[in-house]
Amino acid sequence: MSTSQYGAATDRTYARAGFGAPVRRGRRPALVVVDLTRGFTEDRFPSGADLTEVVAATAELATAARGAGVPVLFTAIAYTPAEASGDRLAWLRKAPGLRALVEGSEAVALDPRLPYHPARDRLVIKKGASAFFGTSLAATLTGLGCDTAVICGATTSGCVRATAVDAVQSGFPVLVPRACVGDRARGPHDAALFDIQAKYGDVIDQADALGYLAASTPHPA
């Protein structure tokens, strides 16, 4: 992803800092689908936006991953009624709109257009932005023998970026297919992709992601 949209001065600054080197891709990736729940993918929810194209691209990637023997893991933010209505979670004081994401509600259900199978797929429930914070995701990926995280989901500037940062800090190279991430507004989306490309992972196109998954080493059944 070029930095040219921000001007030549930005290009020079980031080049001098040594940012933007390509990641070393492993042979056994996992696909991590972050928070593509109805509360984020449908604009009838206050916390959501119309992410139809993002869901379609992610569904294509998830189907391809399964065909290649690549694990697919889904995440969702969900709070107990006590958490949602209480005052103990600092994030909910800052972002009170997330109080609608209550366990068992329609807002926290995975988008039905995704190829999610409860009997087969892993679903990680989280309370914060990163899919790694306070969850077993890092241990699960390590146990599966994964060496790269391909991250999709919503929102680009929030939970996707936080997950990409923590993936790198947990030792996993990161790939982010740009067609498979979305946000409520274009500015934060573009800025987050710029930041991920510069510091935390490679932002790639859909064809590259599909080809990478197809060439990966299948995981044991």
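In the block above lies the structure referred to throughout.
So, here is what we can say about the structure in this document. (Residues numbered from 1 in each chain as written. Predicted model: local features only at pLDDT ≥ 70, side-chain atom pairs only at ≥ 80, totals over all residues. Heavy atoms only, no water.)

In contact at an axis separation of 9 Å, helix α7 (residues 156–169) and helix α8 (residues 186–200) are set at 10° when each is read in the N-to-C sense. It follows from the interaxial angle that α7 and α8 lie roughly parallel. Facing α7, whose interface residues are T156, S157, V160, R161, A164, V165 and V168, α8 presents P188, H189, A192, L193, D195, I196 and Y200. Partitioning the contact of α7 with α8 into residue classes produces nine nonpolar, three polar and two charged. (Axes fitted to C-alpha atoms, helices over the stretch in contact; angles between N-to-C directions. Helix = DSSP H or I, 4+ residues; strand = E, 2+ residues; numbered from the N terminus. Parallel < 35°, antiparallel > 145°, perpendicular 65-115°, else oblique. Contact = heavy atoms within 4.5 Å. Nonpolar A, V, L, I, M, F, W, Y, C, P; charged D, E, K, R; others polar.)

Let us now look at the nonpolar core. Within soluble globular proteins, side chains that are nonpolar generally end up buried alongside one another. Formed by 60 residues in total, the largest nonpolar core has its most connected members in L31, L61, L101, L137, L141 and I151. In terms of residue count, helix α3 (residues 52–67) provides more of this core than any other element does, six residues in total. Ignoring any residue separated from it by four or fewer positions in sequence, one finds L31 in contact with L61, A62, A65, V70, P71, V72, L73, V150 and C152. (Core = buried A, V, L, I, M, F, W, Y, C linked by side-chain atoms within 4.5 Å. Buried < 20%, exposed > 50% of the residue type's maximum accessible area, 1.4 Å probe, protein only.)

It is at 9 Å that the axes of α3 and helix α9 (residues 206–214) come closest, and there the two elements cross at 15°. Between α3 and α9, the crossing angle belongs to the class labelled roughly parallel. As α3 runs across α9, the sense of the crossing is right-handed. On α9, the residues touching A57, E60, L61, A64 and A65 of α3 are Q206, A209, L210 and L213. A class-by-class count of the residues in the contact of α3 with α9 yields seven nonpolar, one polar and one charged. (Left-handed = near helix turned anticlockwise from the far one by under 90°.)

As a further point, take the packing of aromatic side chains. Considering all chains together, one arrives at four aromatic pairs under this definition. Each ring, one from Y14 and one from F19, has its centre 5.6 Å from the other, and the planes form 50°; the classification is tilted. On the basis of relative accessibility, which here comes to 21%, the residue Y14 falls in the partly exposed class. With 5.1 Å between their ring centres and 75° between their planes, F74 and Y116 make a pair best called edge-to-face. Of this pair, F74 sits in strand β2 (residues 72–77) while Y116 sits in the loop between α5 (90–94) and β3 (122–126), and the two are 42 residues apart along the sequence. (Phe/Tyr/Trp six-rings, centres within 6.5 Å; stacked < 30°, edge-to-face > 60°.)

Next up on the list: the environment of G104. With respect to the helices, strands and loops of the structure, G104 is situated in the loop between α5 and β3. In this structure, the C-alpha to C-alpha distance between G104 and T80, residues 24 residues apart in sequence, is 9.0 Å.

Let us now look at the layout of surface pockets. If you add up the space inside the largest pocket, you get close to 290 Å³. Taken together, 14 residues make up the lining of the largest pocket; nearest its centre are G69, V70, P71, R122 and P220. In terms of residue class, the lining of the largest pocket is built from seven nonpolar, two polar and five charged. In this model, the second largest pocket occupies a volume close to 240 Å³. As for the second largest pocket, its lining consists of D50, L51, E53, V54, R178, A179, V181, G182, D183, A185, R186 and H189. Secondary structure elements with two or more residues in the lining of the second largest pocket: α3, β6 (181–182) and α8. Of the residues assigned to the lining of the second largest pocket, the class counts are five nonpolar, two polar and five charged. (1 Å grid on protein atoms, 1.4 Å probe; cavity = no way out; pocket = protein on both sides within 12 Å on 5 of 7 lines; lining within 4 Å. Points joined across faces, edges and corners; volume = space filled by probe spheres on them.)

A few words now on the pairing of strand β1 (residues 29–34). On any regular strand, side chains alternate: one points to one face of the sheet, the next to the other face. Judged by how many residues are buried, β1 sits mostly within the fold: six of six residues are covered. Covered by surrounding structure in β1 are P29, L31 and V33 together with A30, V32 and V34, the residues of both alternating faces. As defined by bridge partners, β1 adjoins strand β4 (residues 148–154) across six bridges and the pair is classed as parallel. The residue of β4 that forms the bridge with V33 is C152. For β1 and β2, the ladder comprises four bridges, and the chain directions are parallel. When the sheet's bridge partners are listed, V34 is paired in β2 with T75. (Pairing = 2+ DSSP bridges.)

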